[in-house]
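A structural walkthrough
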Amino acid sequence: MTKHTVTLIPGDGTGPEITAVVQKVIDATGVAIQWDVVEAGADVVQKYGTPLPDSVLASIRKNKVALKGPLTTPIGTGFRSVNVALRKELELFACLRPCRTYKGVRSRFQNIDLVVVRENMEDLYAGVEFAPGSKEADDIIALAKNKIIPGSAISIKPISKIGTERIVRFAFDYAVKHNRKKVTAVTKANIMKFTDGLFLETAREVAARYKGRIDYEERLVDNMCMQLVQKPELYDVLVLPNLYGDIVSDLCAGLIGGLGIAPGANHGTDTALFEAVHGSAPKYKGLNKVNPTAVLLSAVLMLDHLGETDAARRMEKAVSDVIAEGKSVTYDLKPSPDDPSAVGTSQMGDAIIQKIRKGS
Ligand code: NAD
């Protein structure tokens, strides 16, 4: 049997309790994984002097595949997001977020099957920011000739042709591989004529190479948000610059019933890191309360990536069957969040394991 070596970052907040469940569930599928467990995030700053020790990057570079629990980022001050730093350091340029409805999940929408492909390296996430009153901010304010109020803080939005080319190509290649029909490029190119304009122009060039195989269309991000809540069935694969991708991912997670069930993957040229869309939900830390599904479904994407497609399908079906039954599920999947029949993270995991063992 193939033995895969995968880096595991348990994360913080509710991350460790969720990833413990995921390890057990993968074990039950029979796929042999040797986990290289490494620590990152706020909890390790005292020990290593940084939230992202070199050993974490070294492990992922060696193994080429990683599964990550969520990591907390301090808001406004403190270190920059480790989640963003990991994507940048490893050049994981494509963030893939499939959003589909599972039977039994309460949502206003049925039959959603969307895939969000978010650019991961550029845009306002590039981390090029200047504090109010800094020389750099003042120089830019002078350059902008009365367009910026003096004393403003500045964030730079870089978008490159190379970066756009590879993300749009990733979206089209994904569409071809997964028998999808259409890719929609989402921008605000009517306002940001240079940055989003370049994204759109490049998307058109790439789309032309797939003509006759995959349909292509364009939407402005504000209109896209409205359309997604009015007629999500019209859309298939969406490709977006980083910030819009982040926001629209959460919107799509909302369409399918919430963050508890929205998986994700970050792909580079030869390295991939799998993680849920949701964060560390710190208020539930240690309470064995939150839904493990999003990380479980991220692990399903990982099994597919490792070529373990049979195990991936069995695991996905077991998760989907437990959700459809609605008995051994966490609070967020019950009709009301204080439903006393809700089970904990680990009990939901056990129910999924039972299904896998029974050949669900
Ligand atoms: P969050 O996703 O952690 O939680 C928001 C709310 O969503 C929770 O309070 C909870 O009600 C619900 N929720 C989230 N995950 C759930 C789950 N698995 N099951 C059931 N309900 C769930 O978002 P936040 O509170 O904005 O962020 C908390 C921290 O996580 C922040 O520091 C943020 O920066 C970080 N974060 C990390 C990642 C990542 O690791 N990739 C992603 C997003 C946010």
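To keep things clear, this report deals only with the structure shown in the data block. (Residues numbered from 1 in each chain as written. Predicted model: local features only at pLDDT ≥ 70, side-chain atom pairs only at ≥ 80, totals over all residues. Heavy atoms only, no water.)

Within strand β1 (residues 3-9), five of the seven residues are buried, which leaves it mostly tucked inside the rest of the structure. Bridge count for β1 against strand β2 (residues 32-37) is six bridges, and the pairing is parallel. In the strand pairing of β2, Leu-8 is matched with Val-37. Tracing the backbone out of β1, into helix α1 (residues 15-29) and back to the parallel element β2 gives a crossover that is right-handed. Both β1 and strand β3 (residues 65-68) contribute to a ladder of three bridges, which runs parallel. By the bridge assignment, Leu-8 is partnered in β3 with Leu-67. (Buried < 20%, exposed > 50% of the residue type's maximum accessible area, 1.4 Å probe, protein only. Helix = DSSP H or I, 4+ residues; strand = E, 2+ residues; numbered from the N terminus. Pairing = 2+ DSSP bridges. Right-handed = clockwise from strand over helix to strand, strands pointing away.)

Turning next to helix α6 (residues 161-177). Its 17 residues give α6 an end-to-end C-alpha distance of 24 Å, which sits within 8% of 24 Å, the value for a rise of 1.5 Å per residue. The complete set of buried residues in α6 reads Gly-163, Thr-164, Glu-165, Arg-166, Ile-167, Val-168, Phe-170, Ala-171, Phe-172, Tyr-174 and Ala-175. Put simply, Ser-160 is the residue that caps the front of α6, since its side-chain oxygen is 2.8 Å from the backbone nitrogen of Gly-163. Where α6 terminates, the next one or two residues include Asn-179, which has phi positive at roughly 55°. (Expected span 1.5 Å × (residues − 1). Polar contact = N/O pair within 3.5 Å; in protein donor to acceptor, adjacent residues only side chain to side chain.)

In this section: the nonpolar core. By size, the foremost hydrophobic cluster in this structure holds 93 residues, and its most contacted members are Ile-26 and Met-302. The greatest single-element share of this core, amounting to nine residues, is contributed by helix α10 (residues 293-305). For this core, the domains that each give at least three residues are domain 1 (1-106 + 259-360) and domain 3 (159-256). Once residues within four sequence positions are removed from consideration, Ile-26 is found in contact with Val-31, Ile-33, Trp-35, Ala-299, Met-302, Leu-303 and Met-315. In this structure, Leu-57, Ala-66, Leu-71 and Val-82 belong to the second largest nonpolar core, which totals 14 residues. (Core = buried A, V, L, I, M, F, W, Y, C linked by side-chain atoms within 4.5 Å. Domains from an automatic or database assignment. Contact = heavy atoms within 4.5 Å.)

You can see Lys-231 is positioned in the loop between α8 (221-230) and β10 (237-240). With relative accessibility at 31%, the residue Lys-231 sits in the partly exposed group. Distance in space between the C-alpha atoms of Lys-231 and Val-116 is 16 Å, their sequence separation being 115 residues.

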